[in-house]
Every structure is written in structure tokens, then in C-alpha cells.
Amino acid sequence: MTYTRLTVVGAGVIGLSCAWRAAAAGLDVTVLDPAPASGASRVAGGMLAPVTEAWPGEEGLLGLGVESVRRWPGFAGRLADAAGRPAGLRTEGTVVVATGGGDRAELDALAGYLAGLGREVQRLGGRELRRLEPALGPEVRGGLSVPGDLAVDNRVLLAALRAAVERAGAAVREVEVHEVLDDGDRVTGVRTAAGDLPAECVLVCAGAHSAALHPALHGLVRPVKGEILRLAARVGAFPPPSRTVRALVDGRPVYAVPRDDGGLVIGATQTETGFDTEVTVGGVRDLLRDAERVLPGIAEYALVEAAAGLRPGSRDNLPLLGALGPEGLLVATGHHRNGILLAPLTADAVLGLLRGEPEPAVAAADPARFAAAGHGR
Ligand code: GLY
């Protein structure tokens, strides 16, 4: 089945990336979102770090992430051309560092795991790390350099995506979607706060809010809250790192993602408290305490913003990319911690689905894996 008209529900990084690529390929695209580019994609840090965030047992996710980070430079270049503005990619790479002995043992285990998968990373001692990144403090005793793990300024990216979507001729309507409608066999439209709209093909990219949009998605995506801080280096303060720094501090992960303007994003907490986007005192305290032990100079920085977003968690931490339920329903959701990272691969995969040419690289993310387990319909 191929489609010529597409209704995209959700204007975060996934919805906008898919809408841009589909509209640029000639489809008639409408994007529906009550507040475009304002959810988890706006709160995100922008790490493109499949290797430094790798976890034993999540090889499927590592494979998707490595493939998507490989596509990121081309995606960013095409996006900048299409939007007429930068896409925000930073190519300085990532270091992952440890403080105490337990953290170093965990990094050694990560390095061993990655080597076992044929992904070599460079092990460095504390002094070597400080030569690379003088902002790292004396508590940092060892770590790994991963030049291929990149970063992007997510807000610069979102602005570029919105421009590219509009230039490609897609319509963006600020309206809330309550549910996707079908006649039992195929999609017929969407129910919105402004009434029902007909649709031939609906792509659900509504992040943590996706599960409520169609019975086939019920129970498959849940909100996973993350709190994040935005800091700015003040005049006279120690300069921020040039690479993304991911750290383990007494077993707790924290990361710092530099921006071109001297800003530094510190993230992120991870809790499951439903659709709660309040920033907590404890969350801010934990992030600042752990980040300062790794990057002591931040004590002199300005605290510019504290925000919380809802990652769309899936049952196995892999996204859901593909057809689900009635004919004409496509989903690109459940990206959990990896929405920004997986945007290029997701957009390629969705374009493939729309053309009737499935992308083999995303086979692990086929939502049919849950239908086979008795979920969806
Ligand atoms: N990708 C990092 C996070 O979700 O916090």
C-alpha cells in the first residue's frame, strides 16, 4: 500500500522530521499538535550517544542508535539546506567518565561489553581526560573517549525542522487530537478538539501521549519523566567542556551537553510519576550535586532554566516504528531516551512505509512484536 496524503499527530522531533521528509517527497502532509515543538523534544539535552548510553541486553537499541548516528550528518546537512538555517549538530564527540572505584569498574565493564561487540572505544586516565577537557575536575579518575557519539542543540534543530516543514508545503495546525478513527478495517480520520477531520493515513508521533490515541496503542507507551537544567558560563567562569560529558557519580548517571553559545545542559533525572511535568527540588539538587563533582567550574555559572519532559517509554525500550492495527495507521513513537538520536532513521523508515518499501534497519522496532504477544489488534 502506498499513500499520497498523510496526517501526522504530534509535532515533536519525530513528527516534524517525518512530516518534512514526507512533504519533501511530494505527499500532501498535515501536522496536528496543540503546541508544536514544546514537549520532550524541547526539554531534551540533545545527546546523540548510542555507544556511551549502551546497556548490555539492549543490543537491538544499540544497533538502531549506531545506524541513526551514522545518518545524522547527512540528515543535518539536508535539513540545513531545506530550512535555510543551521540544524545545530555538534561533532566534538563524547567522553564518558567515572569518579570512584565502583564507577570505574562499571565503565570497564561497558568498555569490555562494547569491545565484545566489536566497537572499540579509547580508555583514558584522569590526566589524559583533563588534557582533552580541562573542565573535568580532580575527582574524575578515568573514562572513555567516543568520538562518534555526537550532540545537537535540540532547540536549534526544532526551529530548523519547523522551517523545513513549512518550506516543503506541509500544513501545521495547532489543535489537539483526541483519537484516531477507523471503520474496523481502515483509518477514516482523526477526532480533534475542533471536530473530526478525514484522513487516509495517520502517523502517530505523539510521544508519551501516544497510547491514548488508538486502542492498538493502549498500554504500549508510558510517560517517563526527565528533569533537566540549562546553565550559562558567566564572564570569568571556567569554560565549559567542548565534548559532551557523560559521567557516573557513585553509580548515578549525569550528563552535560555543551552549546555553541557557552550554554551547558545538565541532565537528566528519570522517574515514573505519570503525566507530571513539575520540576522537583530533589531533582535539581541531585543534578547540580553530581554535575559539580565532575565539572566543578559550573558553580560559577548562571542557572538559566529548569524543565521537565516526558519521554515516551516502551516495554522493551525500543521504539515502535511501523504499521499497527487498522490499515492506514502508522506509528513512530516509544523512542524513550532516544527520540532526537533516532530521528533520521525514523524519518527514513516512515518514508519507506509510505512508499511501500520497508526499511530493513528498523526491523527490531516493528510494533508487530507486541501484537504477537497479545497486545494491540
Ligand atoms: N537521552 C538522554 C535522556 O533521555 O535523558
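Fair warning: this is a prediction, and the values are worked out from it, not measured in the lab. (Residues numbered from 1 in each chain as written. Predicted model: local features only at pLDDT ≥ 70, side-chain atom pairs only at ≥ 80, totals over all residues. Heavy atoms only, no water.)

1. Topic: the overall build of the chain
- Broken down by element type, the chain carries 9 helices and 20 strands.
- For 377 residues, the compact-globule estimate of 2.2 N^0.38 gives 21 Å, and the C-alpha radius of gyration of the chain, at 21 Å, lies within 12% of that figure.
- Each principal axis of the C-alpha atoms in the chain carries an extent, and together these give about 65 × 45 × 40 Å.
- In the chain, buried positions account for 55% of the 377 residues.
- A separation of at least 24 residues holds for 74% of the contacts in the chain among residues at least 6 apart in sequence. (Helix = DSSP H or I, 4+ residues; strand = E, 2+ residues; numbered from the N terminus. Rg over C-alpha atoms; globule rule 2.2 N^0.38 Å. Buried < 20%, exposed > 50% of the residue type's maximum accessible area, 1.4 Å probe, protein only. Contact = heavy atoms within 4.5 Å.)

2. Concerning the side chain of Thr94
- Within the element layout of this structure, Thr94 appears in strand 5 (residues 94-98).
- Note on Thr94: relative accessible area 1%, which makes it buried.
- For Thr94, the residues in contact, after removing those within four places along its chain, are Thr52, Leu144, Ser145, Val146, Asp149, Leu150, Arg243 and Thr244.

3. Quick notes on the nonpolar core
- Of all hydrophobic cores here, the largest spans 55 residues; its most connected members are Leu6, Val29, Leu79, Leu157, Leu203 and Leu354.
- When residues of this core are traced back to their parent elements, those giving at least two are strand 1 (5-9), helix 1 (13-24), strand 2 (28-32), helix 3 (59-83), strand 8 (150-152), helix 6 (154-167), strand 20 (329-333) and helix 8 (343-355).
- Sequence-distant contacts of Leu157, that is, excluding residues within four places in its chain, are made with Val13, Trp72, Phe75, Leu79, Ala87, Val152 and Ile340.
- Counting 24 residues, the second largest nonpolar core, distinct from the first, contains Val97, Leu124, Ala135 and Ala291. (Core = buried A, V, L, I, M, F, W, Y, C linked by side-chain atoms within 4.5 Å.)

4. Notes on the UniProt feature "domain: FAD dependent oxidoreductase" (unreviewed entry) in the chain
- Under the UniProt annotation, "domain: FAD dependent oxidoreductase" (unreviewed entry) lies at residues 6-350.
- For residues 6-350, the helix share is 29%, the strand share is 30%, and the end-to-end C-alpha distance is 11 Å. (UniProt positions renumbered as here; feature names shortened; annotations may be inferred.)

5. Let's talk about the sheet that holds strand 3 (residues 47-48)
- Sheet architecture is open: 3 strands sit in the order 3-8-4, paired in antiparallel fashion. Both outer strands of the open sheet, strand 3 and strand 4 (89-90), are each paired with one neighbouring strand and no more.
- In the sheet, strand 4 pairs with strand 8 via 2 bridges, with the strands oriented antiparallel. Paired with Arg90 across the two strands is Ala151, which belongs to strand 8. (Pairing = 2+ DSSP bridges.)

6. Points about the sheet that holds strand 11 (residues 187-192)
- The strand order across the open sheet built from 3 strands is 10-11-12, with neighbouring strands paired in antiparallel fashion. Edge positions in the sheet fall to strand 10 (177-182) and strand 12 (195-198), since each has one partner strand and no second. Strand-to-strand twist across the sheet, computed as the mean angle between neighbouring axes with direction ignored, equals 25°. (Axes fitted to C-alpha atoms, helices over the stretch in contact; angles between N-to-C directions.)

7. Looking at the pattern of salt bridges
- Within this structure, the stated rule accounts for 25 salt bridges.
- Here Glu92 ties to Arg90 by a salt bridge, and the two come within 3.5 Å at their closest N and O atoms.
- Using a relative accessible area of 36% as the deciding quantity, one classes Glu92 as partly exposed.
- The salt bridge partner of Glu305 is Arg155, with a shortest N-O separation of 2.8 Å. Of this pair, Glu305 sits in strand 18 (residues 302-313) while Arg155 sits in helix 6, and the two are 150 residues apart along the sequence.
- Residue class for Glu305 comes out partly exposed when judged on its relative accessible area of 24%.
- Each of the salt bridges in this network shares a partner with another, and the network as a whole consists of Arg21, Glu67, Arg70, Arg71, Asp348 and Glu359. (Salt bridge = Lys/Arg side-chain N within 4 Å of Asp/Glu carboxyl O.)

8. Looking at the site of the ligand
- The full set of residues close to the ligand is Met47, Glu53, Tyr255, Ala268, Arg311 and Arg337.
- Here an oxygen atom of the ligand and a side-chain polar atom of Tyr255 are 2.6 Å apart.
- One of the side-chain nitrogen or oxygen atoms of Arg311 is found 2.7 Å away from an oxygen atom of the ligand.
- Taking 200 Å² as the accessible area of the ligand by itself, protein coverage stands at 87%.
- In terms of residue class, the shell around the ligand is made up of 3 nonpolar, no polar and 3 charged. (Near = heavy atom within 4 Å. Polar contact = N/O pair within 3.5 Å; in protein donor to acceptor, adjacent residues only side chain to side chain. Areas by Shrake-Rupley, 256 points an atom, 1.4 Å probe, with all protein chains shown as cover. Nonpolar A, V, L, I, M, F, W, Y, C, P; charged D, E, K, R; others polar.)

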